[in-house]
Structures are given as C-alpha cells and as structure tokens.
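# Structural features, examined
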Amino acid sequence: MLIADDLDKLLEVLPDFIRYPLQNHPNRKLLIEVVIDLGRRPEARFPNGPEYLSDITISWQDLDFCIKRVGNFSEDNRAGIERTLHRISSIRNRKGNIIGLTCRVGRAIFGTISIIRDLLDKGKSLLLLGKPGVGKTTAIREIARILADEMEKRVVIIDTSNEIAGDGDIPHPAIGRARRMQVARPELQHQVMIEAVENHMPEVIIIDEIGTELEALAARTIAERGVQLVGTAHGNYLASLIKNPVLSDLIGGIQYVTLGDDEAKRRGSQKSVLERKAVPAFQVAIEIHERNDWVVHEKVDETVDQILQGIVLWIQRRKLNSRGNICIECEQLLPTDFASSWNLNTKSKHSRQLNKTKVSNTYTNSVINVYESKNSINNLKITQEKNDINLFNHDNQSIFLYPYCINIQQIEAVITALYLPFIVTKDVMQADVILALRLNVKQNPKLRQIAKSRHITIYTVQNSMVPYLTRALRQILSICKVAKTSSSQSFVNKKTLEVQALQEARIAIEKIVIEKHQSVELISRLANIRKLQYQLIESYNLRSRSFGEEPNRRLRIYPA
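Cut-offs applied
Residues numbered from 1 in each chain as written. Predicted model: local features only at pLDDT ≥ 70, side-chain atom pairs only at ≥ 80, totals over all residues. Heavy atoms only, no water. Helix = DSSP H or I, 4+ residues; strand = E, 2+ residues; numbered from the N terminus. Expected span 1.5 Å × (residues − 1). Buried < 20%, exposed > 50% of the residue type's maximum accessible area, 1.4 Å probe, protein only. Arc of directions from axis to C-beta. Contact = heavy atoms within 4.5 Å. Polar contact = N/O pair within 3.5 Å; in protein donor to acceptor, adjacent residues only side chain to side chain. Phe/Tyr/Trp six-rings, centres within 6.5 Å; stacked < 30°, edge-to-face > 60°. Lys NZ or Arg CZ within 6 Å of the ring centre and 35° of its normal.

Turning our attention to helix α6 (residues 189–200). The terminal C-alpha atoms of α6 lie 16 Å apart, and with twelve residues this matches the ideal 16 Å at 1.5 Å per residue to within 8%. For α6, the set of buried residues is Gln189, His190, Val192, Met193, Ala196 and Val197. End-on, the buried residues of α6 take up no more than an arc of 170°, which puts them together on one face. In α6, the exposed positions that point more than 90 degrees away from the buried face belong to Glu198 and Asn199. Packing partners of the buried residues in α6 comprise β10 (155–159), β11 (179–182), β12 (204–207) and α7 (213–224).

If you want it as structure tokens, here you go:
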C-alpha cells in the first residue's frame, strides 16, 4: 500500500515552534491533524491520542503567520494548499475574526479499496457511510482513480471543498484521469451535480458528503438517468440513514402504509407499517467502521426492507489484515431498538450478533475456516442444529410448512439462521404441518377442517416474535424426527422379517427337499411374506401348498 502525503508543504505554513517538533517526531507519518487555538498550546493528534507540541501558547501573530501562507478561506471556512490534499479549517468569533485553525493532513493512499475492488467491477452505485475521520474521502479518491485509469471510464468529481482533488485549479495526481468540477458555494453542490450530467456526459459521478435534501434529490435524479454514483454520507450504520429524514431518499425513502385486515393477518403485523417508498439511488452501501473494517450491503433494497420489517438479516464484514489478505465475515443480525423505536412488527430487543461464519479469503487462494459462536436464542449452536437435521438431509427430505397469520419473511429468516429443514409453502394442500397464531386459528374452522381431512398437524404460537417462532420450529422438528425414526424402525423390522423368511425357505429347499427328497413345512408367515416364499419356491421348479388358518397359515414344500 503506497502512501503520498506531502506533509512538508503543510509544515511550511506553521510557526517554527510547531514545525520543528513535528519534523523530528517519530510518528509524523501517522499525524492526523494539528490544532491551533488562540491562547492555548498547539496540539498534534495521532491515532493513539493527542499530544502537545510546545509550552508556548498561540498568539494573534502566530495565527496571522499561518493565515498569510494559506490564503483566503471560502464561505464554508475551509482553505487548502495548492496541489496538495491538506485541508485547513478555521474557527471564527462573533466578529468574524479567525481564532482557531484545524490543519488536517490529506493523504493519497493507493490500494486502500482493494477490499471492495470486486464491487467496482459490477458497475453499481456505491454509498460509503462512516463517522468523520474514518477515511471516506480517501476511499472515494482512490475509487475515482481506479475507475478512470484502470477501468477507463469517464469520471467527474464534484469537489465542493477541494478535499478530493486538492486546492488550486490543477487537480492532484491521486485522482488519475478523472475530471474535477469545483463548487463556488456549498449550497450550490446539487446544481453542479445536475450540470455535470447535462454538460459533460459522465459515466460515473463522485460526490463527497451528501448532506442536504436537495443533494439527495439530485443524486436520485442522476441515478434515474443511468449514471453510476459514488458518494459518501455521515452515519455509522445503514439503519441510522433510514432514520435520517433528509438522507433517507438515498436508500429509497420510507413511508407509512395502512394494510387491510386480511393482509395484516397474513403478515402477522400491525395495520400501519413502514415500507420502502422507491428504488434506492445507491444499490450498494458500505459502512466504514475502521480503516480496515468495512461492512458491505450488496443489496440495499432488500436490506432496507428487512430492517423495516424487523427481521433477521445477513451482513458481510470485510477486513484487511496486515499481510494484505481480505478476510470476509458473514454475520446474522437481529433488529435492535431501531425496530421498536419505529413501532415495527418486532418489539423485542435482542443481541446484535447471533452467529458468525468466518471466511479467510485472498484473491489468489481461498482458505475457508468455519467456527462456531454462541447463538443468543436459547444458546443454540449451529452444529447442534445440523446434527438434529441430519436425518432429514440424508434422504433429501424437507418439511413443508404453511404459516397462517405469521410473517412469511420472518419465518424464512429464522429457518435460514438456524439451518432448519423447512420449506415455507403458500399452498395448504402441499403442507406437512401448519404453524398459526393461536387466536386466529380458533376463528378459522375451514382451516381446521382441511387439516383434519388431510391429516395435517396444526401447531400454534402465542405471537410471532422470533423466540416463539424459534421454539415452535424446534419442537416441530423434534416431533417429526421422532415420527420419522419410528417409521424407519418399522420399515427396518419389516425388511428383516422378509429376509429371514426367504433365508428359511432357501435352506429348507436346498438342505431337505433337494438333498433328501423329503417334503418340509415352513414357519407360519403373513400373506405378503408367504407370497415371496412362493416365488422363491417356483424359481427352484418345486411345488408348494398353504395349510392352516390365519394368522398361523404356512407353506409346505414338496420334492419334484
């Protein structure tokens, strides 16, 4: 991973008593920013914490020294150093005078997006989420270079604060062949976004820090015109973006929908529910929790629907280790207090993480290591569930389940999470078992009549919360397993009797009838087993007759 920071150009704008300690500092390559506030000691911030650079306090003259070397600040109180990625932000008092500076180090880190390189090849719009300072801008800068240079696409960057391509009229080499459009004032960013599409025919548009409703609307308009988008927004999780009324349009927006009585019963939910309003402007969302720890949602529409319905969802966590290998972890998440805060179907609060399947993967060779972790539902382990269903998987048999007044997607999520051998069907005639809400099944005599005529067992649950569904499915599985075991045992006993009867007839024919030319009487058997014995006797060209009354009727074999 190659890093270019031009740190010396940033140090040149600082006073000597700040510059010298940084030039000789052992961790200067890890410097995040330098904070200069009037009347306070200068402070350098590193990943492991802040550190004072001098005992001298900052004066007006020190601030003027920096400001004269930086140049003019824009309306958003930001300035830069020409042809570098550094950003200097100012703090003003009520009179408009600058009383503090934040000198943030900008670095071009080549290779930082190898963790999601496969997503770029798919050509889908990407939305990067994360808290400030986690590396979103560095990531989209590298994405712009790869799309423009390696994939040879027409890329236009909307650079509102000159943070992506640096200050000045000539963009920084870190963006490659991508073009950069500057924005005169931050509130005009949405207009420049539309202008880029209309005037410059881009294949990809890159936007940093989408933060207003107009910018979200412009992003949706661009997506509908078939242009690939790559953008960033502040927010730790995708769920927090759904809660944000300004930016929720980026992932389709949400609205309240009133369901009919029948539909509400079928879903097992309230009549007023939240649903996604439209197709998301971004098909892929990436949560950047740390610089080398990213969570990928490859299908934003499905993820948003699952969050709104309050059901279990899968997420994909990608990590880049020190050796440059990509480690992928698939996690199953239950909705946290997000669902209850919106009055969704699920009102229970569960642990965020249920279980993990860890896959260590590099692009040159793949090594799969599966390990277990505890399941927060009844402390159930994956391996225990797999052992419980081996009986069904051996014969490739599954249990067809018909849910009544229970959310189908919620049941399917529990079945997938626990690896249960159930297949959810919407046709009660194909069902092996029925799972229904207790109150609703009492009000449906027709369902009980169908179940009775077709010998289908109805299992009921008190409500459709995940713990109740999990317990019910496990009990159904246990009962069906016992029934299958009993059926298998009776089948084995029947086959054993048939083998014994044929072996008896064969020995009697060969040892007595043929060798000694004597007739012999066999042990009494059932009619179907006597039929098998009779066929065996005929194959030897011998005669036989049946004697006695059922169930003691038996065969007698005569010599030829």
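Mapping arginine 530 onto the fold places it in helix α18 (residues 527–539). Taking relative accessible area as the criterion, arginine 530 reaches 11% and is therefore assigned buried. Among the polar contacts made by the side chain of arginine 530, one reaches the main-chain carbonyl oxygen of arginine 525 at a distance of 2.6 Å. Beyond its immediate sequence surroundings of up to four residues, arginine 530 is in contact with Arg525, Ser546, Glu550, Arg553, Arg554 and Leu555.

Taken as a whole, this structure holds zero aromatic pairs when the rule is applied. Arginine 41 extends its terminal NZ or CZ atom over the ring of tyrosine 52, reaching a point 4.0 Å from the ring centre. Directly above the aromatic system of phenylalanine 547 lies the positively charged group of arginine 556, at a separation of 4.3 Å from the ring centroid.

So, to be careful, I would describe these as geometric facts and stop short of saying anything about function.
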